[in-house]
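Secondary and tertiary structure notes
Here are the chains, one letter per residue:
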6 protein chains.
Amino acid sequence: MFFHKQELQYNATPAGPDVFFARKMQEILGGQYGEITVAMQYGFQAWNTKLPGKYRDLLYGIGAEEFGHVEMIAIMIAQLLEKAPASDVEAAVKGDPTMAAIIGGEDVQHAIVAGAGARAVDSNGNPWQGSYITASGNLLADFTANANAEMQGRVQAARLYHMTDDKGVRDLLSFLIARDHMHQNQWIAAARELREEGYEDLPVPSNFPLSDEVGDVAYTSMNFSDGKQAGEGSWAKGPTPDGKGEFSYSEGPTTTAAMPPVGNHGDPRLYGTTP
Amino acid sequence: MFFHKQELQYNATPAGPDVFFARKMQEILGGQYGEITVAMQYGFQAWNTKLPGKYRDLLYGIGAEEFGHVEMIAIMIAQLLEKAPASDVEAAVKGDPTMAAIIGGEDVQHAIVAGAGARAVDSNGNPWQGSYITASGNLLADFTANANAEMQGRVQAARLYHMTDDKGVRDLLSFLIARDHMHQNQWIAAARELREEGYEDLPVPSNFPLSDEVGDVAYTSMNFSDGKQAGEGSWAKGPTPDGKGEFSYSEGPTTTAAMPPVGNHGDPRLYGTTP
Amino acid sequence: MFFHKQELQYNATPAGPDVFFARKMQEILGGQYGEITVAMQYGFQAWNTKLPGKYRDLLYGIGAEEFGHVEMIAIMIAQLLEKAPASDVEAAVKGDPTMAAIIGGEDVQHAIVAGAGARAVDSNGNPWQGSYITASGNLLADFTANANAEMQGRVQAARLYHMTDDKGVRDLLSFLIARDHMHQNQWIAAARELREEGYEDLPVPSNFPLSDEVGDVAYTSMNFSDGKQAGEGSWAKGPTPDGKGEFSYSEGPTTTAAMPPVGNHGDPRLYGTTP
Amino acid sequence: MFFHKQELQYNATPAGPDVFFARKMQEILGGQYGEITVAMQYGFQAWNTKLPGKYRDLLYGIGAEEFGHVEMIAIMIAQLLEKAPASDVEAAVKGDPTMAAIIGGEDVQHAIVAGAGARAVDSNGNPWQGSYITASGNLLADFTANANAEMQGRVQAARLYHMTDDKGVRDLLSFLIARDHMHQNQWIAAARELREEGYEDLPVPSNFPLSDEVGDVAYTSMNFSDGKQAGEGSWAKGPTPDGKGEFSYSEGPTTTAAMPPVGNHGDPRLYGTTP
Amino acid sequence: MFFHKQELQYNATPAGPDVFFARKMQEILGGQYGEITVAMQYGFQAWNTKLPGKYRDLLYGIGAEEFGHVEMIAIMIAQLLEKAPASDVEAAVKGDPTMAAIIGGEDVQHAIVAGAGARAVDSNGNPWQGSYITASGNLLADFTANANAEMQGRVQAARLYHMTDDKGVRDLLSFLIARDHMHQNQWIAAARELREEGYEDLPVPSNFPLSDEVGDVAYTSMNFSDGKQAGEGSWAKGPTPDGKGEFSYSEGPTTTAAMPPVGNHGDPRLYGTTP
Amino acid sequence: MFFHKQELQYNATPAGPDVFFARKMQEILGGQYGEITVAMQYGFQAWNTKLPGKYRDLLYGIGAEEFGHVEMIAIMIAQLLEKAPASDVEAAVKGDPTMAAIIGGEDVQHAIVAGAGARAVDSNGNPWQGSYITASGNLLADFTANANAEMQGRVQAARLYHMTDDKGVRDLLSFLIARDHMHQNQWIAAARELREEGYEDLPVPSNFPLSDEVGDVAYTSMNFSDGKQAGEGSWAKGPTPDGKGEFSYSEGPTTTAAMPPVGNHGDPRLYGTTP
Ligand SMILES: [Ca+2]
Ligand SMILES: [Ca+2]
Ligand SMILES: [Ca+2]
Ligand SMILES: [Ca+2]
Ligand SMILES: [Ca+2]
Ligand SMILES: [Ca+2]
């Protein structure tokens with residue numbers, strides 16, 4: 001169960017309205033790596049996991065925090081949109097080109113659809129979608145996905161930080177960036193702990209028998225391009241991060257197979273083109 | 001530029017047709033973590049990067065391999081669909097319930113739309129979409145995304161391995177699983193090398209000044225749920241993976257802010273509800 | 001069957017071109033609550049209903065009108081785009097910042113994709129989609145959906161009215177707003193009549209036995225937030241609109257259940273993380 | 001802020017596994033009118049509203065409850081999927097057609113993608129999307145949308161009730177159906193109260209001047225189809241629900257306008273076809 | 001304007017219910033090349049064209065017919081779903097595997113969402129979307145798109161014809177296939193007439209100056225694969241269909257350019273990885 | 001298999017940055033008719049075809065070229081975005097309205113999400129999707145789809161040509177326009193050759209027995225609108241392009257059928273509205 005408290009985790013009040021930045025801020029609300037994504041992602045991982053205990057508690061604990069981040073950003077956006085111009089655009093443009101320019105970059109659905117409110121969309125107006133989230137049931141894979149999500153999210157928030165000089169907006173971003181920082185550390189630590197406790201290992205999934213792999217190609221770096229430096233990295237020689245092999249390097253593939261013959265002429269009731 | 005060769009990297013011939021498994025196999029072709037995703041993801045990362053040299057060569061080299069994986073799976077699916085029944089379903093069902101059951105699980109668009117061909121969709125028929133890919137320009141974030149993609153992809157291929165006993169299909173899966181294994185190792189090695197060479201570090205992005213964070217909350221594990229074990233992991237005490245702090249733990253938030261007042265009454269031309 | 005007549009229901013000629021407003025107007029053409037939505041929604045409700053007679057006639061009658069509204073708005077948008085600039089943008093921007101600002105807010109696909117034509121998209125360029133419509137077969141639910149659609153649509157058209165001072169555009173909006181007004185009244189009247197004639201009642205669906213509900217919670221207003229005024233409305237005390245009970249009020253839930261145990265360890269062939 | 005408690009509002013334990021019903025149940029989790037929709041919808045309405053007080057408290061209070069419903073259904077689905085078959089399908093089909101049939105109707109991504117977990121999708125595997133929600137800032141319109149959502153949701157849950165005889169599943173559905181019942185009553189009561197308190201009225205939005213409508217058509221029922229009974233309902237004669245007029249009836253439109261001439265020949269740089 | 005008549009263009013009554021075929025039939029209703037697509041496509045082409053007269057009249061005339069096809073198929077699907085089982089699935093499966101198998105292949109949203117009604121989706125349940133349609137304003141391009149749409153549509157309908165032996169369904173398909181036949185002929189004739197009357201020509205668009213092309217490559221067939229027979233077709237030698245050149249053939253590209261240098265180090269405020 | 005070479009087929013270096021044009025150029029990268037579409041479309045047609053030999057070789061050969069076009073445009077866009085402003089927008093707007101205007105028209109995700117990189121989206125930010133491609137297995141239908149794709153693509157590139165005066169961008173467009181020119185010719189030639197060699201003919205599919213059509217309506221032009229000139233084209237009289245009949249013309253439909261009765265009252269467990 002979730003309980004709501006009419007307080008925020010941090011200040012979320014802008015110095016003034018800015019419809020243009022309101023649009024940009026939608027990215028970290030309803031974008032691929034926005035707060036809705038991480039809230040839902042940690043939620044589904046928690047609800048689906050077969051492993052009760054500290055890992056699940058961690059998922060529940062951070063997941064609920066992220067729903068609060070969704071709220072903070074939505075409320076910030078709604079305030080940035082207060083006083084958004086709904087007036088005759090042509091007049092505004094003629095009288096005030098600066099104003100007009102900002103209008104050009106707004107999310108017009110903020111006014112038309114939401115009446116100066118936040119929306120469940122990204123900064124280009126694409127609706128948030130369930131396919132953004134990852135919850136495979138394999139926690140090492142999923143914690144890696146979580147670490148990535150917090151990295152991408154922090155990169156985006158850092159970029160946004162430089163696209164405004166509104167003190168209030170920057171204050172909130174400074175808070176969110178710090179929490180993304182923390183969450184990166186947490187997911188990386190949790191992934192490491194999963195391996196140390198023997199729940200999972202590299203390569204993921206670790207309990208698929210390596211003997212069922214085509215083993216010849218499991219440690220060979222193959223270069224399908226002609227960039228000569230692809231063989232110079234630590235991914236082409238030396239021990240592998242999974243601790244189970246040595247990297248080797250090959251220009252191009254080490255195996256090849258003939259294109260299979262087209263074996264029959266097709267069912268005529270499918271009306272395809274056949275010999 | 002890309003050049004095509006009418007050979008495959010590995011055998012991709014099934015022992016027999018199986019329309020039901022053809023549908024399932026679409027997941028690793030056109031799903032969130034299918035081969036189209038990784039091929040496009042590594043391509044866009046390569047085209048966009050500001051860092052020439054070995055990292056870009058690596059992206060180009062693996063990216064081109066993945067386009068070949070797209071081809072192998074598409075050709076495998078097309079063969080699994082040869083001899084797919086296009087006949088009167090009702091008759092088939094009446095005469096052969098086993099047959100009918102399999103029909104129930106097929107992707108009906110394989111026959112109706114593609115004439116027994118593979119499609120750019122996942123195992124539920126959702127079209128592949130550009131929002132599956134990640135290419136932020138920050139290579140540490142992106143290589144983490146790549147490692148995750150290879151983990152999720154290998155988990156899915158391993159699951160599929162147990163959903164068929166067709167020797168030919170399993171042979172191809174064994175190959176793809178081995179390459180996913182390799183690519184996990186490579187992206188993890190490349191991410192480590194980026195840090196060792198000083199291009200990037202934790203937290204990502206590492207050149208955002210930590211002094212611009214709300215520092216008090218950057219190392220505190222806050223538990224917004226009531227699971228007691230959330231504080232027992234290595235993510236709640238001890239040094240942090242970024243090497244820059246010590247984890248602490250708090251039940252619930254350490255900061256709080258009042259919900260901002262609704263500051264004005266709204267523009268009447270927006271026709272919202274106001275006091 | 002549908003028959004087309006090369007006339008419009010009302011004037012749809014703008015005073016002049018306005019590529020910026022053309023984009024905004026896409027919202028009521030191809031948006032969530034645009035004319036394509038209501039035309040399709042009433043059509044599918046009519047085609048699917050099991051109840052012949054006056055209600056179905058009403059659906060057919062308004063549905064066909066709405067297809068004509070689609071046409072009026074599309075033709076209006078196409079005219080607003082005539083003379084849309086396809087010229088060198090940089091030159092335009094340098095010479096005429098006002099012009100440039102408006103360009104900033106256009107739907108660039110109007111020019112690139114449609115050659116100065118309307119498109120089946122909303123004001124952010126999201127394609128219209130079949131998931132916008134509602135047709136459940138339960139007419140009281142569906143007429144409520146219809147009333148809502150006409151309310152949302154009229155709110156949006158009223159907002160657009162203030163974003164232009166083009167006499168021709170405003171004239172068409174005045175017409176569409178009047179028809180939305182009428183259609184609100186009609187769907188509310190039709191919903192009321194359904195109840196009066198005994199076809200359906202509150203709660204929808206009314207023929208699900210109330211004895212199969214967990215009855216204790218069917219009339220209790222539970223507040224999962226800490227807003228004290230949630231208990232002060234007519235939704236927390238007094239008779240309920242369905243005429244079958246009395247509202248009561250509770251801070252928080254009145255029932256609770258333990259989180260179910262994670263019952264088994266998972267199938268190893270799914271490669272999830274298990275104890 | 002949201003706080004999570006590791007308890008459920010009601011029992012959510014099935015009597016046994018049922019992968020087929022798990023798929024169906026996705027509809028009320030991640031479908032157009034599933035619990036994610038109402039949770040997010042009430043959330044965005046609360047975050048965006050310009051009207052503090054009891055209405056906003058109501059939105060917050062029910063919104064938080066709905067996030068708990070999301071959790072209950074996700075956990076129920078995860079349990080229905082435990083023991084889901086990941087084995088060789090062909091063998092299963094040959095040995096056990098009944099089993100095979102059920103496989104035919106499962107969501108194959110439950111196994112391949114989520115490892116026997118719930119997903120943020122509907123019963124056909126379409127990802128949930130932000131365009132399902134409605135939050136216009138006009139509370140009478142939005143509460144009507146909410147009433148509709150609870151009606152559609154209750155209709156779907158009632159249908160699902162008859163598609164299973166699992167005691168545990170039915171018990172949860174009985175609870176959810178009761179809460180949908182309650183929420184229908186609440187939104188209808190709240191909509192009525194808004195009107196009684198003068199915040200809003202019919203037609204929505206009520207503060208758009210009726211004098212700016214093309215008044216002739218605001219009370220006329222026009223029938224664009226040839227169904228004779230369209231004029232027999234209370235929507236074609238008598239007083240209108242808004243209390244401001246009398247319905248009249250017309251076969252076909254009462255106004256007509258010539259199709260506007262195609263006014264210019266198009267910009268040649270758009271490469272369209274012109275006279 | 002559109003007017004509706006409560007008659008159909010042809011018989012649309014099945015011999016009996018068939019929920020499985022109802023799902024398949026959704027493809028030609030709401031799929032990429034279903035009737036909604038062609039109805040909307042011809043509509044938008046008509047509304048947007050700058051060329052009044054016979055071509056626009058043709059678009060309006062066929063467009064309105066296609067809306068009637070949408071209706072016929074929707075009504076057919078609704079009838080195929082009457083008597084659709086809403087009963088306990090598990091019991092059905094146990095008692096009647098044949099029944100169960102068919103259930104496996106149904107569109108479960110037909111029952112849960114639409115109450116045994118048609119939906120605006122394809123045979124995999126993907127909602128119809130505005131991005132399926134083509135309306136560029138260039139009529140030779142668009143009529144080619146129309147010819148393709150009628151070809152793809154007729155192929156799909158022909159495939160469906162063999163997936164049922166219901167006399168009523170086949171009768172309707174025979175009608176639709178004949179109309180697709182006619183419309184193929186019409187769009188091909190109209191495209192030819194456009195060229196003969198000088199409105200447009202190959203290559204499309206014909207008024208882009210050929211002198212602004214990189215002329216060296218406008219008539220060279222380049223083979224980026226190693227299939228030797230690519231040079232044996234009429235596309236590699238002899239006069240070109242546009243009547244303006246002669247095909248030549250080259251193994252691989254005839255031009256090459258160095259990969260551009262990565263020119264600067266990136267704006268540090270974007271937090272990308274730079275040298 | 002695909003092999004990558006770190007060269008381009010043609011120059012792809014702009015004279016200078018232009019974030020506004022970068023957005024527009026996304027249309028021919030990730031739009032409905034962008035390079036990703038044709039690359040994937042020809043790929044899937046090749047992988048799925050049942051007809052080995054010159055036609056398949058052609059598909060492979062052009063398909064691989066198109067992946068190189070994807071790369072050229074992505075690299076061009078990335079260069080157009082170098083030096084894209086990430087600075088304080090408000091300051092920029094105040095100091096430099098021209099700058100601000102251009103900002104208004106940029107794709108804000110270019111900066112926020114991709115760090116000045118290209119994305120797999122169209123010019124409105126809609127992600128590319130698998131439903132853009134066509135691969136039916138019927139090569140005459142598919143080559144017609146290909147011809148259309150190259151026409152639409154060339155129209156869009158020609159429009160873009162006039163929206164910039166950057167010499168480098170225009171140079172690349174001149175190359176791409178020439179290749180689209182070539183590919184139009186090739187697909188038209190290939191379609192003609194398929195017919196000449198007897199693989200397929202009009203109407204598509206040609207092996208569906210014409211005797212199974214409702215023959216009366218296969219050659220009749222029916223006008224469902226009131227445009228008088230619809231009967232004046234070569235599509236209404238004279239021989240048909242398929243060489244198998246004569247066009248005739250009819251005002252309105254030549255057949256009619258009664259709307260089917262609503263045959264039963266619906267299953268009560270579906271909770272629809274019934275008599
Ligand atoms: Ca966060
Ligand atoms: Ca791969
Ligand atoms: Ca309307
Ligand atoms: Ca609920
Ligand atoms: Ca048709
Ligand atoms: Ca190309």
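The rules behind these values
Residues numbered from 1 in each chain as written. Chains lettered and ligands numbered in written order. Predicted model: local features only at pLDDT ≥ 70, side-chain atom pairs only at ≥ 80, totals over all residues. Heavy atoms only, no water. Domains from an automatic or database assignment. Donors = N, O, S within 2.8 Å, 3.2 Å for Na, K, Ca; no water. Helix = DSSP H or I, 4+ residues; strand = E, 2+ residues; numbered from the N terminus. Buried < 20%, exposed > 50% of the residue type's maximum accessible area, 1.4 Å probe, protein only. Contact = heavy atoms within 4.5 Å. Buried area = accessible area lost by both parts, 1.4 Å probe. Salt bridge = Lys/Arg side-chain N within 4 Å of Asp/Glu carboxyl O. Polar contact = N/O pair within 3.5 Å; in protein donor to acceptor, adjacent residues only side chain to side chain. Nonpolar A, V, L, I, M, F, W, Y, C, P; charged D, E, K, R; others polar. 1 Å grid on protein atoms, 1.4 Å probe; cavity = no way out; pocket = protein on both sides within 12 Å on 5 of 7 lines; lining within 4 Å. Points joined across faces, edges and corners; volume = space filled by probe spheres on them. Axes fitted to C-alpha atoms, helices over the stretch in contact; angles between N-to-C directions. Parallel < 35°, antiparallel > 145°, perpendicular 65-115°, else oblique. Left-handed = near helix turned anticlockwise from the far one by under 90°. Pairing = 2+ DSSP bridges. Least-squares fit on C-alpha atoms with pLDDT ≥ 70 in both. Phe/Tyr/Trp six-rings, centres within 6.5 Å; stacked < 30°, edge-to-face > 60°. Lys NZ or Arg CZ within 6 Å of the ring centre and 35° of its normal. Expected span 1.5 Å × (residues − 1). pLDDT = per-residue confidence, 0-100.

So, the domain arrangement of chain A
If you check the domain split of chain A, you get domain 1 (19-196) and domain 2 (210-251). Taking only C-alpha atoms into account, the centre of domain 1 of chain A sits 37 Å from that of domain 2 of chain A.

Observations regarding the coordination of the calcium ion (ligand 1)
All names here are of chain A. Protein-derived ligands of the calcium ion (ligand 1) are E35 (OE), E35 (OE), E66 (OE) and H69 (ND1), with the metal-ligand distances lying across 2.3 to 2.7 Å. For the calcium ion (ligand 1), the donor residues sit on a single chain with the sequence spacing E-x30-E-x2-H. Here the residue E66 and the residue H69 both occupy positions in helix α4 (residues 54-81), the gap between them amounting to three residues, near one helical turn.

Details of the coordination of the calcium ion (ligand 6)
Residue and element names in this part refer to chain F. Protein-derived coordination of the calcium ion (ligand 6) comes from E35 (OE), E35 (OE), E66 (OE) and H69 (ND1), at a distance range of 2.3 to 2.7 Å. Within one chain, the residues serving as donors to the calcium ion (ligand 6) are arranged as E-x30-E-x2-H. Highlighted residues: E35 in helix α3 (residues 35-48) and H69 in helix α4 (residues 54-81), separated in sequence by 34 residues. Accessibility assignment for this pair places E35 and H69 in one class, buried.

Quick word on the interface of chain E and chain D
With 46 residues of chain E at the contact, the number on the chain D side is 35 residues. Both sides together, the interface formed by chain E and chain D hides about 3,400 Å², and carbon and sulfur atoms give 56% of it. Counting across the chain E and chain D interface gives one salt bridge. Counting across the chain E and chain D interface gives 14 residue pairs in polar contact (both at pLDDT 80 or more). For the side of chain E that touches chain D, the elements supplying multiple residues, two or more each, are β1 (2-4), α4 (54-81), α5 (89-95), α6 (97-104), α7 (108-112) and α8 (139-161) of chain E. Of the residues assigned to the side of chain E that touches chain D, the class counts are 26 nonpolar, 13 polar and seven charged.

Re empty space enclosed by the protein
The space that makes up the largest cavity amounts to roughly 560 Å³. Q129(A), Q129(B), Q129(C), Q129(E) and Q129(F) are the residues nearest the centre of the largest cavity, which is lined by 21 residues in total. Here the residues of the lining of the largest cavity sort into nine nonpolar, twelve polar and no charged.

Re the packing of helix α3 (residues 35-48) of chain B against α4(F)
The axes of two packed helices give the description: the angle between them and the distance between them. Between α3(B) and α4(F), the least distance of the axes is 9 Å, while the angle of their chain directions is 45°. Classified by the angle their axes make, α3(B) and α4(F) are oblique. As for the relative orientation of α3(B) and α4(F), their crossing is right-handed in sense. Taking contact as the criterion, the partners of F44(B), W47(B) and N48(B) in α3(B) are, on α4(F), V70(F), E71(F), A74(F), I75(F) and A78(F). Among the residues forming the contact of α3(B) with α4(F), the class breakdown is six nonpolar, one polar and one charged.

What about the sheet that holds strand β5 (residues 246-251) of chain C?
The strand order across the open sheet formed by three strands is β3-β5-β4 (chain C), and the pairing between neighbours is mixed. Edge positions in the sheet fall to β3 (220-223) and β4 (238-239) of chain C, since each has one partner strand and no second. With two bridges connecting them, β4(C) and β5(C) associate as antiparallel partners. If you follow P239(C) over to β5(C), its bridge partner there is E246(C). Packed on one face of the sheet, helix α8 (residues 167-196) of chain D meets β3 and β5 of chain C and runs near 85° to β3(C).

Thoughts on the interface of chain B and chain A
Counting from both sides, the interface comprises 109 residues of chain B and, opposite them, 109 residues of chain A. Carbon and sulfur atoms supply 59% of the area buried between chain B and chain A, which totals about 9,100 Å² over both sides. The residue R154(A) makes a salt bridge to E213(B) at a minimum N-O spacing of 2.6 Å. The interface formed by chain B and chain A contains 49 residue pairs in polar contact (both at pLDDT 80 or more). Where the side of chain B that touches chain A is concerned, the elements lending two or more residues are β2 (7-8), α4 (54-81), α8 (139-161), α9 (167-196), β3 (220-223) and β6 (257-258) of chain B. Looking at which element gives the most residues to the side of chain B that touches chain A, the answer is α9(B), with 16 residues. Taken together, the residues that form the side of chain B that touches chain A break down as 52 nonpolar, 37 polar and 20 charged. One ladder, built from two bridges, connects strand β6 (residues 257-258) of chain A with β2(B); its direction is antiparallel. Residue pairing in the sheet places A258(A) in a bridge with E7(B) of β2(B).

Things to note about the pattern of salt bridges
Under the criterion given, the structure shown has 48 salt bridges over all chains. The residue E7(A) makes a salt bridge to K5(A) at a minimum N-O spacing of 3.9 Å. Overall, E7(A) belongs to the partly exposed group, its relative accessible area being 26%. Here K54(C) ties to E197(C) by a salt bridge, and the two come within 2.5 Å at their closest N and O atoms. Of this pair, K54(C) sits in helix α4 (residues 54-81) while E197(C) is found in the loop between α9 (167-196) and β3, placing the two residues 143 residues apart along the sequence.

Some thoughts on the relation of the copies chain B and chain A
Overlay of chain B on chain A (RMSD 0.0 Å): rotation 180°, translation along the axis 0.0 Å. Such a turn and shift between the copies fits a two-fold axis. A share of 100% of interface residues in chain B that are also interface residues in chain A marks the association as one of identical surfaces.

What about the pairing of strand β5 (residues 246-251) of chain D?
Residue and element names in this part refer to chain D. Pairing between strand β3 (residues 220-223) and β5: four bridges, direction parallel. By the bridge assignment for β5, T220 is matched with S248. Turn length for the strand β4 (residues 238-239)-β5 hairpin, with the two strands adjacent in sequence and antiparallel, is six residues, and the turn residue G243 shows positive phi of about 70°.

Considering the relation of the copies chain E and chain D
For the pair chain E and chain D, the relating rotation is 120°, the translation along its axis is 0.0 Å, and the fit reaches an RMSD of 0.0 Å. Seen this way, the second copy is the image of the first under a three-fold rotation axis. By residue overlap, the copies meet through two different surfaces: only 9% of the interface positions of chain E are interface positions in chain D.

With respect to the packing of α4(F) against helix α8 (residues 139-161) of chain F
All names here are of chain F. Two elements in contact, α4 and α8, have axes separated by 13 Å at closest approach and are oriented at 25°. When the axis of α4 is compared with that of α8, the two are roughly parallel. Crossing of α4 over α8 shows left-handed handedness. Taken together, the residues of α8 that come into contact with α4 (itself represented by Y55, L59 and E66) are L139, F143, N146 and E150. Classifying every residue of the contact of α4 with α8 gives four nonpolar, one polar and two charged.

Some details on the packing of aromatic side chains
Going through the model one piece at a time under the given rule, you end up with 84 aromatic pairs over all chains. Considering the side-chain rings of F2(C) and F67(E), the 6.2 Å spacing of their centres and the 65° angle between planes classify their relative orientation as edge-to-face. Taken together, the positions of F2(C) in strand β1 (residues 2-4) and F67(E) in helix α4 put the pair across two chains. The exposure class assigned to F2(C) is buried, which follows from its relative accessible area of 4%. Chaining the aromatic ring pairs together yields one cluster made of Y42(A), Y55(A), F143(A), W187(A), Y199(A) and W235(B). For the cation-ring pair, R170(E) lies above Y161(E), with the distance from its terminal atom to the ring centre recorded as 4.3 Å.

Looking at α8(D)
Residue and element names in this part refer to chain D. For α8, which comprises 30 residues, the first-to-last C-alpha distance of 44 Å matches the rise-based estimate of 44 Å (1.5 Å per residue) to within 8%. Here α8 lies mainly inside the structure; 23 of its 30 residues are buried. The N-terminus of α8 is capped by D166, whose side-chain oxygen sits 2.8 Å from the backbone nitrogen of G168. Where α8 terminates, the next one or two residues include G198, which has phi positive at roughly 80°.

Focus: the confidence of the model for chain A
Residue and element names in this part refer to chain A. Within chain A, residue pLDDT values average 92, and 91% of them lie at 70 or more. In this model, residues 84-91 is a region of pLDDT below 50 whose contacts with residues beyond four sequence positions or in other chains number 21 contacts. Segment residues 97-102 is flagged for pLDDT under 50; beyond a separation of four residues in sequence, or across chains, it makes 16 contacts in the model.

Considerations on the sheet that holds strand β5 (residues 246-251) of chain A
Strands sit in the order β3-β5-β4 (chain A) across an open sheet of three strands; the sheet is mixed. Here the strands that pair on one side only, and so sit at the sheet edges, are β3 (220-223) and β4 (238-239) of chain A. Running at roughly 85° to β3(A), α9(B) makes contact with β3 and β5 of chain A of the sheet.

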